[in-house]
Amino acid sequence: MTQFIKPIGDLLNSTFELVGASTIWEATDDGIDSGTPDDDTTKAAADTVGDFFVVTLSPAMLDPHTRASHILKVRVKEVRDSGAGTVNIRLRQGAVQIVSTNFGLGTAWTTVSITLTNAQADALTNYADLEARVAYSVKGVNGVLHVSAVEFQCPDPSLDSYAAPAEMGHAV
């Protein structure tokens, strides 16, 4: 099984405009795999390079005790006349940046998926303190970045991950 967390609060919003919502987290909390993003009716939009937002992700997840399948997903598109923009997406745990990646923007809704490396997944020590940052880093001609959903997922912890080690004299 898989655990999903979505935006639950705004930490920062430079100048993203909201459509169909009063906060960034409400505009981006529909989920991707755990729900149905309503791309064009609820979203956040920015038209200036450097515009960004940061949302807290919740509810708290249980540590899966595995490095596998830690994925941050963001649903984006750019409305533009020509050229192509870029979005920068980051996952942070408190003040610690876990991953930062740039993606080219298309003109159709696209789900950007960032799968954490083993080292990045190992850096997560508090699944209750995660936040996502989305920034418009390069702009197409007359471009407007649209974001409709943010979601982080990882596996559910298995019962085996909580078994006491045999070397401590406990049954495994």
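Preceding this paragraph is the structure being described.
Each chain carries its own residue numbering, running from 1 in the direction its sequence is written. In keeping with the predicted nature of the model, local features appear solely for residues at pLDDT of at least 70, side-chain atom pairs appear and are counted solely at 80 or more, and the whole-chain, interface and lining totals rest on all residues. Side-chain descriptors were evaluated using all non-hydrogen atoms of the structure, hydrogens and water having been removed beforehand.

Visitor: Now, about the side chain of Gln3: what can you tell me, with residues and values included?
Guide: Here a strand is any run of E in DSSP of at least two residues, a helix any run of H or I of at least four, and the numbering for each starts at the N terminus. Note that Gln3 resides in strand β1 (residues 2-13). Counted as a polar contact is a pair of N or O atoms within 3.5 Å, where, for protein atoms, one must be capable of donating a hydrogen and the other of accepting one, and residues adjacent in sequence contribute only when both atoms are in side chains. Within the structure, Gln3 has its side chain in polar contact with the backbone nitrogen of Leu62 (distance 2.8 Å). Apart from the residues lying within four places of it in its own chain, the contact partners of Gln3 are Met61, Leu62, Pro64, Phe152, Gln153, Cys154, Pro155, Asp156 and Pro157. When checking whether two residues touch, look at their non-hydrogen atoms; a contact exists if any pair is within 4.5 Å.

Visitor: Quick rundown of the pattern of salt bridges? Include the residues and the values.
Guide: By definition, a salt bridge exists where a carboxyl oxygen of Asp or Glu is found within 4 Å of a side-chain nitrogen of Lys or Arg. Scanning all chains against the criterion turns up 3 salt bridges. Of the charged contacts in the structure, one is a salt bridge between Glu78 and Arg80, with a shortest N-O distance of 2.7 Å. Its relative accessible area of 0% is what places Glu78 among the buried residues. Only protein chains enter the accessibility calculation, which uses a 1.4 Å probe; a residue whose area is less than 20% of its type maximum is buried, one above 50% is exposed, and one in between is partly exposed. Residue classification places Arg80 among the partly exposed positions, given a relative accessible area of 21%. Between Arg92 and Glu131 there is a salt bridge; the shortest N-O distance is 2.9 Å. Taken as a pair, Arg92 in strand β6 (residues 86-93) and Glu131 in strand β9 (residues 130-138) lie far apart in primary sequence, 39 residues in all. By relative accessible area, Arg92 is classed as partly exposed at 28%. On the basis of relative accessible area, Glu131 is assigned to the buried category, the value being 9%.

Visitor: Could you give an account of unusual backbone geometry, with specific residues and numbers?
Guide: Look at the link from Ser58 to Pro59: it is a cis peptide, with omega at 0°. Residue placement: Pro59 occurs in the loop between β4 (52-58) and β5 (71-79). Even without glycine at this site, Ser69 takes up a positive phi of about 55°. Examined against the element boundaries, Ser69 turns out to sit in the loop between β4 and β5.

Visitor: Quick one: what's the story with the nonpolar core, residue by residue and with numbers?
Guide: Only buried residues count toward a nonpolar core. Its members are Ala, Val, Leu, Ile, Met, Phe, Trp, Tyr and Cys residues joined through side-chain atoms within 4.5 Å. If you look at the biggest cluster of nonpolar residues, it comprises 32 residues, and the most contacted ones within it are Leu57, Leu91, Val147 and Phe152. Where this core is concerned, the elements lending two or more residues are β3 (43-46), β4, β5, β6, β7 (96-104), β8 (110-115), β9 and β10 (144-155). Ranked by the residues each element gives to this core, the list is headed by β10, at 5 residues. Those residues within four positions of Leu57 in sequence are excluded, and the remaining contacts are Ile5, Lys6, Pro7, Ile8, Leu91, Leu130, Glu131, Ala132, Val150 and Phe152.

Visitor: If you had to explain the environment of Asp10 to someone new, which residues and values would you point to?
Guide: Residue position: Asp10 is located in strand β1. By relative accessible area, Asp10 is classed as partly exposed at 34%. Residues Asp10 and Thr56, spaced 46 residues apart in sequence, show a C-alpha to C-alpha distance of 6.3 Å. Excluding residues that lie within four positions of it along the chain, Asp10 makes contacts with Thr23, Ile24, Trp25, Val54 and Val55. From its side chain, Asp10 meets the backbone nitrogen of Ile24 in a polar contact 2.9 Å long. For Asp10, the side chain forms a polar contact with the main-chain nitrogen of Trp25, separated by 2.8 Å.

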